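# Architecture at a glance
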Amino acid sequence: MSAVTSRATAPAGVPRRRRSDSLTHPRRTGLLLVLPAVAFVVVFVFAPLLAAVYISLTNFPLIGSFEFVGLENFALALSDPVFGRSILYTLVYTAIVTGPILVLGYTLAVIVRANRRGSTLLRTVFFLPFVVGLTTISFIMLLEAQPDSGAVNIVLRWLGITDGSTAWLVDGPLATALICVLVIWGVSGLTMILLMSAMQGVPREVYESAELDGATWWQTERRVTIPMIRRAIAMSVIISVIGSFLGFTQFFILTQGGPGSETTTVVMSIYRRAFVDLQLGAATAMSLLLVLLTALVTALQFWMLRERD
Amino acid sequence: MTLSRRDFLALAGIGGAAAALAGCGGQLEPADVTVAGFGEGASGTLNLWCRSDTLTGNEAMVEAFHAAQERIRVELTPIPNSQYVTKLATAIRGRRPPDLVDIDDIYSALFIYRDAFTDLTPLIEELPYRDRLSPGHLGLATKDDRFYAVPFLADNSVLFCNLDLFERAGVDVDEATGSFAGYLEAARAISALEEDVYGWSYPGNASGALGFTVQPHIWATDTDLIAGQIGGQTGNVAGNESVRRTLELLRTFWEEDLVPPVAYADDASRWNADYLSGRIGMKPASYGVIVPDADPALLERTEVRLLAGPDGGVSFFDGGDNFAIPNGAANPSAAWEYVRFCLEIEQQSNLPAGGYTPVRADAATDAFREQFPLAVAPLEQLDAGYAPLSLSYNRIYNQPDGPWLEMFRRAVFAGEIEAAMDEAQDRYDLILRQGDA
């Protein structure tokens with residue numbers, strides 16, 4: 001019997017049971033049930049965020065004393081041309097890699113989604129770069145991109161495309177191109193897995209109906225598969241964009257942000273302010289600006305990729 | 001008293017923030033170095049941090065110290081160069097610093113100006129060889145006329161000259177190495193000897209190595225790229241004639257193929273390889289970079305000169321390591337006893353065996369000259385050594401995205417010298433302003 005029913009049938013003169021006295025919903029039960037989750041969020045999300053806001057308003061160094069400086073760190077960050085360029089570079093980098101990661105991931109998912117002979121092997125092969133990780137493949141690329149001695153240059157020379165002496169990592173556009181190729185190859189496996197799982201969840205009957213209606217392969221993909229895995233695609237894109245926004249490892253290993261600051265990403269810019277300049281206050285202010293930017297872009301993506309029907 | 005959901009979250013947030021900041025407050029106490037018997041008869045464990053670049057020298061020193069006494073045992077922890085500042089700062093912030101740090105002298109000021117090291121002035125003033133210690137090292141350890149670190153070993157940039165190539169080119173080493181005109185003439189003559197032989201060499205994509213070897217040409221004219229005192233420093237790049245002429249020289253080397261083509265991408269990971277192959281006439285580097293791996297026959301035909309300015313004058317990067325005792329050190333007395341041991345002339349005279357040079361001018365005895373002739377030049381002119389005192393050195397000179405490397409590459413490889421200097425001026429100013437904030 002629900003509390004509502006009890007209240008409705010209570011005889012006149014009998015004190016009505018308060019909602020909190022419900023036998024099925026004892027007082028504070030709800031609060032107790034959510035308490036662990038609330039505590040987790042408070043300790044690991046809100047408290048660090050509040051601490052970060054406080055630190056960003058000080059000239060907090062890694063060592064030594066500090067004092068309140070108001071919004072000075074934010075003003076410095078917004079007027080810092082290198083930080084501004086790093087944001088712009090990160091946006092450009094994100095724009096370059098997001099599309100190819102999705103297209104390649106989708107293509108790979110199409111190849112391996114059916115449980116045919118060899119599918120498992122192909123899934124493993126395609127997913128392997130993601131398992132190996134960007135750190136490892138970046139270190140490998142560091143060796144293979146060397147002029148004259150690296151495999152990249154040797155292959156290009158063998159193909160007659162270059163003379164094999166290209167210094168990939170000391171030229172901004174070349175280094176960016178190389179890193180983009182590396183990242184697209186390295187992380188498309190994750191997109192493949194996400195989309196493949198969604199594709200395998202599409203009911204077989206839908207495909208059979210499409211086939212009976214005489215739909216071509218392309219029409220089936222466009223009118224059946226893509227609409228039905230729309231949410232998985234949206235999630236893949238959002239994960240990819242956030243990952244690109246926070247790009248650091250591959251740049252740190254391969255170019256260290258150089259030459260000049262041509263390949264300096266926003267996270268690398270923050271890292272240098274924190275751990276090279278030892279200015280955690282200023283770095284935290286820059287981090288909060290990045291959080292804000294990421295939230296804005298993600299919100300925009302959610303809006304663009306929302307269900308329109 | 002009832003607690004609303006909003007109150008609960010607010011209190012939890014404040015509590016979390018307070019807990020996060022709890023470890024941030026409070027300075028560590030400096031050691032009392034004036035107490036009687038400090039640095040004598042100490043015992044126990046001494047935790048020593050060194051940078052990985054100087055591990056060999058430190059290991060030899062610790063071994064000798066253990067052989068000399070049994071009261072103190074040194075636990076040596078090497079830290080990768082690139083992580084040294086961060087790790088030490090984190091240890092200090094965590095209130096667990098080592099007892100003694102062997103720190104790159106260029107980074108000393110970062111900690112000294114944040115009151116992290118103990119004032120060693122009374123101890124240094126008592127040293128009988130105080131006046132013979134490297135002034136460059138001490139300059140980087142000084143704040144308000146007080147010393148917060150003491151020199152340990154030197155790592156100086158000098159010019160290595162291949163006598164065989166000079167002789168074949170018919171160029172006199174002394175005449176060639178006194179000015180930029182001499183450098184250029186010699187480089188042209190040596191490069192003309194045969195293919196794959198070059199007059200000069202620099203790692204054109206190694207920010208730190210270029211800062212180490214190129215700046216002395218500018219310092220030789222008594223000017224620097226950084227002007228002013230910490231707290232109000234600015235760049236001194238745009239319009240700096242010495243900087244412009246130095247970049248012009250290096251640009252000419254590149255344009256006329258007087259340096260190997262690999263210089264464009266060279267990150268100094270194999271810094272010494274070209275000189276050791278015997279195909280480079282003049283190579284700015286340090287004793288430790290060239291000598292330990294060189295063929296003895298090549299070393300016999302090598303001479304060392306200090307780095308010259310455009311029209312004369314000489315200088316060298318007075319680099320190397322300082323010893324400092326962090327505030328809050330658990331065994332500072334043992335630390336100072338170890339420091340004194342390392343500064344004794346016997347230990348200092350043996351430093352070149354590990355690839356380093358002494359920080360005491362009186363180490364340059366006749367026996368030393370005979371045993372380590374290529375390590376003598378800086379010791380004979382210690383006053384010519386220099387290193388910039390700035391909290392932003394690491395950011396400007398050692399980071400690949402710093403303004404120094406950006407200016408070098410734009411000027412030398414693209415030929416846009418004036419534009420590169422103007423751009424660098426803005427970035428120097430910005431970084432110095434941020435670094436001093």
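Residues numbered from 1 in each chain as written. Chains lettered and ligands numbered in written order. Predicted model: local features only at pLDDT ≥ 70, side-chain atom pairs only at ≥ 80, totals over all residues.

Counted only if it meets this: UniProt positions are given in the numbering used here, feature names are shortened, and annotations may be inferred rather than shown by experiment.
If you look chain A up in an unreviewed UniProt entry, it shows as Carbohydrate ABC transporter permease from Georgenia deserti. In its Subcellular location (unreviewed entry) section, the UniProt record describing chain A reads: "Cell membrane". As recorded by UniProt, the Sequence similarities (unreviewed entry) comment attached to chain A reads in full: "Belongs to the binding-protein-dependent transport system permease family."

## Some remarks on the overall build of chain A
So the rule is basically this: Working definition: helices are DSSP H or I runs of at least four residues, strands are E runs of at least two. Numbering for both runs from the N terminus. Note that the radius of gyration is over C-alpha atoms, with the globule rule given as 2.2 Å times the number of residues to the power 0.38. To assign burial, the other C-beta atoms lying within 10 Å of each residue's own C-beta are counted, with C-beta atoms placed from the backbone; 20 or more indicates buried, 12 or fewer indicates exposed, and intermediate counts indicate partly exposed. Contact criterion: two residues are in contact if their C-beta atoms, reconstructed from the backbone, are within 7 Å.
Along its length, chain A carries 14 helices and zero strands. Seen in sequence order, chain A has helices and strands lined up from the N terminus as α-α-α-α-α-α-α-α-α-α-α-α-α-α. Scaling as 2.2 N^0.38, a compact globule of 309 residues should have a C-alpha radius of gyration of about 19 Å, whereas chain A reaches 27 Å, well beyond that. Along the first, second and third principal axes, the C-alpha atoms of chain A reach 100 × 75 × 30 Å. When burial is assessed residue by residue, chain A has 33% of its 309 residues classed as buried. Excluding contacts between residues fewer than 6 apart, the proportion of contacts in chain A whose partners are at least 24 apart in sequence is 65%.

## As for the domain arrangement of chain B
One widely used convention gives an interface's size as the accessible area the parts lose upon coming together. Residues and elements named next belong to chain B. Counted only if it meets this: Domain start and stop positions are those given by an automatic or database domain assignment.
According to the domain assignment, chain B consists of domain 1 (44-155 + 319-386) and domain 2 (156-315 + 390-436). A separation of 27 Å is found between the C-alpha centroids of domain 1 and domain 2. In this complex, domain 1 contributes 21 residues to the contact, which on the side of domain 2 involves 20 residues. Elements supplying a minimum of two residues to the side of domain 1 that touches domain 2: helix 4 (108-112), strand 6 (150-162), helix 18 (376-380) and strand 13 (385-386).

## Regarding the UniProt feature "domain: ABC transmembrane type-1" (unreviewed entry) in chain A
According to UniProt, the positions carrying the feature "domain: ABC transmembrane type-1" (unreviewed entry) are residues 87-301 of chain A. A distance of 18 Å separates the end C-alpha atoms of residues 87-301 of chain A, which is 76% helix and 0% strand.

## Here's the deal with the interface of chain B and chain A
Keep this limit in mind: Each residue gets one of three labels, nonpolar for Ala, Val, Leu, Ile, Met, Phe, Trp, Tyr, Cys and Pro, charged for Asp, Glu, Lys and Arg, and polar for the others, Gly among them.
Taken together, the 33 residues of chain B in the interface contact 32 residues of chain A. When contributions to the side of chain B that touches chain A are tallied by element, the ones reaching two or more residues are helix 1 (5-22), helix 3 (84-93), helix 4, helix 19 (393-398), helix 20 (403-412) and helix 21 (417-436) of chain B. No other element matches the seven residues that helix 1 of chain B contributes to the side of chain B that touches chain A. Classifying every residue of the side of chain B that touches chain A by side-chain character gives 16 nonpolar, ten polar and seven charged.

## A look at the UniProt feature "transmembrane region" (unreviewed entry) in chain A
All names here are of chain A. According to UniProt, the feature "transmembrane region" (unreviewed entry) maps to residues 31-57, 87-112, 124-143, 174-195, 232-253 and 280-305 in the numbering used here. The distance from the first to the last C-alpha atom of residues 232-253 is 31 Å, and the span holds 86% helix and 0% strand. This span, residues 280-305, is 96% helix and 0% strand, and a straight line between its end C-alpha atoms measures 36 Å.

## A short note on the nonpolar core
Let me state the cut-off plainly: The term nonpolar core refers to a set of buried Ala, Val, Leu, Ile, Met, Phe, Trp, Tyr and Cys residues connected through C-beta atoms within 7 Å.
Counting residues in hydrophobic clusters, the biggest one holds 179 residues, and the most contacted among them are Ala149, Ala186, Ala324, Ile325, Ala335 and Tyr338 of chain B. With eight residues, strand 6 of chain B is the single largest residue contributor to this core. Residue assignment places this core across two domains, with domain 1 (44-155 + 319-386) and domain 2 (156-315 + 390-436) of chain B each supplying three or more. In contact with Ala149 of chain B, not counting residues within four places along its chain, are Ser108, Ile112, Phe117, Leu120, Ala141, Asn322, Phe323 and Ala324 of chain B. Counting twelve residues, the second largest nonpolar core, distinct from the first, contains Ala109, Val112, Ala198 and Ile229 of chain A.

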